[in-house]
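Inside the fold
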Amino acid sequence: MRIEKSGFHAYNTYLEDTARPDGNETALHRHVIIIGGDKYSFFAHWSGKFAHKGERISFDWDWDRTGEFRNIDKPSFQAFAKDGTVHVRGDRSDKFRRSGAAPRR
């Protein structure tokens, strides 16, 4: 299924890994986006948001195997500025970075 150029009510991130002494920027985070009262989510090894207030977003999603959670397909996620330009943010890979290197932007 697809969400196409939609506004969103809220975008929050939650730390899923245990806290790290060198910072949690590349730790696993749950990203939760609320659109029309429905929650969509994904996990990413990046604490920054993929979209910002005022932007419209598009992404593919599917139910998890229990039919309870709406899982976002990270590579399909796009954020659109008011002028229509597309912004692709965040680390879209599922690789864990032990080196502490900053994620690609």
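Rules used throughout
- Residues numbered from 1 in each chain as written.
- Predicted model: local features only at pLDDT ≥ 70, side-chain atom pairs only at ≥ 80, totals over all residues.
- Heavy atoms only, no water.
- Helix = DSSP H or I, 4+ residues; strand = E, 2+ residues; numbered from the N terminus.
- Contact = heavy atoms within 4.5 Å.
- Areas by Shrake-Rupley, 256 points an atom, 1.4 Å probe, with all protein chains shown as cover.
- Salt bridge = Lys/Arg side-chain N within 4 Å of Asp/Glu carboxyl O.
- Buried < 20%, exposed > 50% of the residue type's maximum accessible area, 1.4 Å probe, protein only.
- Pairing = 2+ DSSP bridges.
- Polar contact = N/O pair within 3.5 Å; in protein donor to acceptor, adjacent residues only side chain to side chain.
- Core = buried A, V, L, I, M, F, W, Y, C linked by side-chain atoms within 4.5 Å.

1. So, the overall build of the protein
- Helix and strand content of the protein: zero helices and eight strands.
- Counting helices and strands in the order they occur from the N terminus, the protein gives β-β-β-β-β-β-β-β.
- Excluding contacts between residues fewer than 6 apart, the proportion of contacts in the protein whose partners are at least 24 apart in sequence is 46%.
- When the accessible surface of the protein is split by element, carbon and sulfur atoms take 49% of a total near 6600 Å².

2. Observations concerning the pattern of salt bridges
- Per the counting criterion, the structure on display carries six salt bridges.
- R20 serves as the salt-bridge partner of D17, at 3.2 Å between the closest nitrogen and oxygen.
- Between R89 and E55 there is a salt bridge, and its shortest N-O distance comes to 2.8 Å. One end of the pair, R89, is in the segment after strand 8 (86–87); the other, E55, is in the loop between strand 4 (38–44) and strand 5 (56–63), with 34 residues separating them in the sequence.
- Here R89 falls in the buried class, since its relative accessible area comes to 17%.
- For E55, a relative accessible area of 10% corresponds to the buried category.
- Among the charged side chains, a salt-bridge network with shared partners connects R2, E4 and D60.

3. Points about the pairing of strand 4
- Here strand 3 (residues 29–35) pairs with strand 4 via seven bridges, running antiparallel. When the bridges of strand 4 are listed, H31 appears paired with F42.
- The antiparallel pairing of strand 3 with strand 4 creates a hairpin that spans two residues between the two strands, and G36 there sits at a positive phi of about 55°.
- As defined by bridge partners, strand 4 adjoins strand 6 (residues 70–72) across two bridges and the pair is classed as parallel. Note on strand 6: the bridge partner recorded for S41 is N71.

4. So, the side chain of S76
- In this fold, S76 is placed in the loop between strand 6 and strand 7 (78–80).
- Within the local environment of S76, its side chain forms a polar contact with the backbone nitrogen of D60, the two atoms lying 2.8 Å apart.
- In terms of polar contacts, S76 uses its side chain to reach the backbone carbonyl oxygen of D73, at 2.7 Å.
- Not counting residues within four places of it along the chain, the set of residues in contact with S76 comprises R2, S58, F59 and D60.

5. Looking at the nonpolar core
- With 17 residues, the main nonpolar core has I33, I35, I57, F59 and F77 as its most contacted residues.
- Secondary-structure elements contributing two or more residues to this core are strand 3, strand 4 and strand 5.
- Excluding anything up to four places from it in sequence, I35 contacts I3, S6, G7, F8, Y40, I57 and F59.

6. A word on the side chain of S6
- Within the fold, S6 resides in strand 1 (residues 2–6).
- For S6, the contacting residues outside a window of four places in its chain are I35, E55, R56 and I57.

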